[in-house]
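An overview of the molecular structure
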Amino acid sequence: MLNFNREKYLQVTGGAIGLRGEIERVVDKVYEKGFKNLFLIGSGGAVATFYPFEFMVNSTSTIPAYAEIAAEFILQNHKQLSEESLVILSSLSGTTEETVAAAKYCKERGATTIGLTGEYNKPLADIVDFPLVNFAENDFASDSNQLVLFHLIFRLMHRNGDFPGYESFAAQLETLPEKLIEAKEQFESKAEAFANNYKDEPYHMVVGSGNTWGRAYSYAMCVLEEMQWIKTKSIHAAEFFHGTLELVEEDTSMILLKGEDETRPLMERVEQFADKYTKKLTVLDTKDYSLEGISEEFRKYLSPIVTSTLLQRLSVHLEDKRNHSLEIRRYYRTVAY
């Protein structure tokens, strides 16, 4: 595969899975203290990674869950936040200004805080009660974070009596990195063809729902816009027919992220429409990937990580075909704003 380091990928994802014991100890301590609700707080791609987990908790558990954008959260005076809240924050660098400020804000209000980050001795890890650290760089950070969150969120739901299959689920997660590599390999030719066909495309629509909505949001903003400078709109499938459909023409590029959760019919409706009105339709469907060894009952939860691991291949090929590095920025962390 183009620009893919298998050993590095397995090291990063293996490191995330290797945190299972530590994560379970943290969850046990949290339950000894007790909490009434759950906040998932981040900025940009980090909060986008939380969106599917908010969806999973709210559709699986009785724990009230709120995914919040860090900068808005500290101004909102959210009335559900209290000393009985559990807050999970995420920043790969551990230095994201808004997320660090949100961590301080939550600590000042007595909430219990957990931080997902790539390094110790950085502000986020130093502030939170429980830092969970796995080194990763931008290329594989999404998969790393999601593997940590699968253990953390599902263990929380298990302790709450909402997810009795946790032990089996966690055991199957150990095999997932190899299955994700197989999915990447299966998708590789399609990713290259997409990059060849759309390298000069000026505008994309990226559509998701349920467990894939966060991926649609982050891929549009954090990759196609931030890393490739391509105008892109992320659209929730449930909202597509309330405005955005009017912009679809036969040369409109649409990228649909189809998962396997309860909202799949929403994506199918958009796909049926797109089939009629555009000649530039790309569908990434997690059902196309076997994930051998993963139980059918767990597949819907894994849709976001399967989707993101495939999108990583799109990004690599776009970078190559457009001769536009994924690392270059004009403004982000480059100028004062």
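Everything below is about the structure printed above this text.
Overall, parallel pairing links the four strands, which are arranged 7-6-8-9 in an open sheet. A single partner strand is all that each edge strand has here, and the edge strands are strand 7 (231-236) and strand 9 (281-285). Each strand of the sheet is rotated relative to its neighbour by a mean of 20°, with strand direction disregarded. Relative to strand 9, strand 8 (residues 253-258) runs parallel, the two being bridged by five bridges. Among the inter-strand pairings, L257 is bridged to a residue of strand 9, identified as L284. Across the sheet, helix 10 (residues 213-225) touches strand 6 (203-208), strand 7 and strand 8, and the angle it forms with strand 7 is around 175°.

This brings us to the packing of aromatic side chains. A complete count under the given rule lists 25 aromatic pairs for this structure. Pairing Y31 with F35 gives two aromatic rings, centres 5.3 Å apart and planes at 75°, and the pair type is edge-to-face. Note on accessibility: Y31 and F35 belong to one class, buried. Between the NZ or CZ atom of R269 and the centre of the ring of F241, over which it lies, the distance is 4.0 Å. R330 extends its terminal NZ or CZ atom over the ring of W229, reaching a point 4.0 Å from the ring centre.

Moving on: the pattern of salt bridges. Tallied over the full model, the rule gives 24 salt bridges. Notably, a salt bridge pairs K179 with E182, separated by 3.8 Å at the nearest N-O pair. Residue K179 and its partner E182 are both found in helix 9 (residues 176-198); the two are separated by three residues, about one turn of the helix. The exposure class assigned to K179 is buried, which follows from its relative accessible area of 17%. Via salt bridges that share partners, R20, E24, D28, R155, R159 and E167 belong to a single interconnected network.

What follows deals with helix 7 (residues 141-159). Here helix 7 spans 27 Å end to end across 19 residues, near enough to the 27 Å set by a 1.5 Å rise per residue. Counted residue by residue, helix 7 has 17 buried out of 19 residues, so it is predominantly covered. Note on helix 7: the residue one or two positions beyond its end, G161, has a positive phi of about 85°.

In contact at an axis separation of 11 Å, helix 3 (residues 45-60) and helix 7 are set at 20° when each is read in the N-to-C sense. Of the possible angle classes, the one that applies to helix 3 and helix 7 is roughly parallel. Both helix 3 and helix 7 take part in a crossing whose hand is right-handed. Within the contact between the two elements, helix 3 uses T49, F50, F53, M56, V57 and T60 and helix 7 uses N145, Q146, L149, F150, I153, F154 and M157. When its residues are assigned to classes, the contact of helix 3 with helix 7 shows nine nonpolar, four polar and no charged.

Consider a sheet: its strands pair through backbone hydrogen bonds, and that pairing is either parallel or antiparallel. The strand order across the open sheet built from five strands is 2-1-3-4-5, with neighbouring strands paired in parallel fashion. Each edge of the open sheet carries a strand with a single partner, namely strand 2 (65-69) and strand 5 (130-133). Between one strand and the next, the sheet's axes are offset by a mean angle of 20°, whatever the strand orientation. Direction of pairing for strand 1 (residues 37-42) relative to strand 2: parallel, over a ladder of five bridges. Within strand 2, the position partnered with F39 by the bridge is Y66. Together, strand 1, strand 2 and strand 3 (85-91) form the strand contacts of helix 3, whose direction differs from that of strand 2 by roughly 165°.

Before going further, it helps to spend a moment on helix 8 (residues 166-173). Looking only at helix 8, the buried set comprises Y166, F169, A170, Q172 and L173. Considered in projection along helix 8, the buried side chains sweep an arc of 160° and stay on one side of the axis. In this structure, the buried side of helix 8 is in contact with helix 1 (6-17), helix 2 (20-33), helix 7, helix 9 and helix 12 (296-322).

Our focus in this paragraph is unusual backbone geometry. The backbone phi angle of N77 is positive, close to 60°, even though this residue is not glycine. Under the relative-accessibility criterion, N77 is labelled partly exposed at 43%. In this model, L291 sits at a positive phi of 50°, which is unusual for a non-glycine residue. Residue position: L291 is located in the loop between strand 9 and helix 12.

Turning our attention to empty space enclosed by the protein. A full pass over the atoms with the stated rule returns one cavity of 30 Å³ or more. Of the voids in this model, the largest cavity is the one considered here, and its volume is about 60 Å³. Those elements that place two or more of their residues in the lining of the largest cavity are strand 4 (112-117) and helix 7. The element that contributes the greatest number of residues to the lining of the largest cavity is helix 7, accounting for four residues. Residues belonging to the lining of the largest cavity are distributed by class as follows: six nonpolar, five polar and no charged.

About the thresholds
- Residues numbered from 1 in each chain as written.
- Predicted model: local features only at pLDDT ≥ 70, side-chain atom pairs only at ≥ 80, totals over all residues.
- Heavy atoms only, no water.
- Pairing = 2+ DSSP bridges.
- Helix = DSSP H or I, 4+ residues; strand = E, 2+ residues; numbered from the N terminus.
- Axes fitted to C-alpha atoms, helices over the stretch in contact; angles between N-to-C directions.
- Contact = heavy atoms within 4.5 Å.
- Phe/Tyr/Trp six-rings, centres within 6.5 Å; stacked < 30°, edge-to-face > 60°.
- Buried < 20%, exposed > 50% of the residue type's maximum accessible area, 1.4 Å probe, protein only.
- Lys NZ or Arg CZ within 6 Å of the ring centre and 35° of its normal.
- Salt bridge = Lys/Arg side-chain N within 4 Å of Asp/Glu carboxyl O.
- Expected span 1.5 Å × (residues − 1).
- Parallel < 35°, antiparallel > 145°, perpendicular 65-115°, else oblique.
- Left-handed = near helix turned anticlockwise from the far one by under 90°.
- Nonpolar A, V, L, I, M, F, W, Y, C, P; charged D, E, K, R; others polar.
- Arc of directions from axis to C-beta.
- 1 Å grid on protein atoms, 1.4 Å probe; cavity = no way out; pocket = protein on both sides within 12 Å on 5 of 7 lines; lining within 4 Å.
- Points joined across faces, edges and corners; volume = space filled by probe spheres on them.

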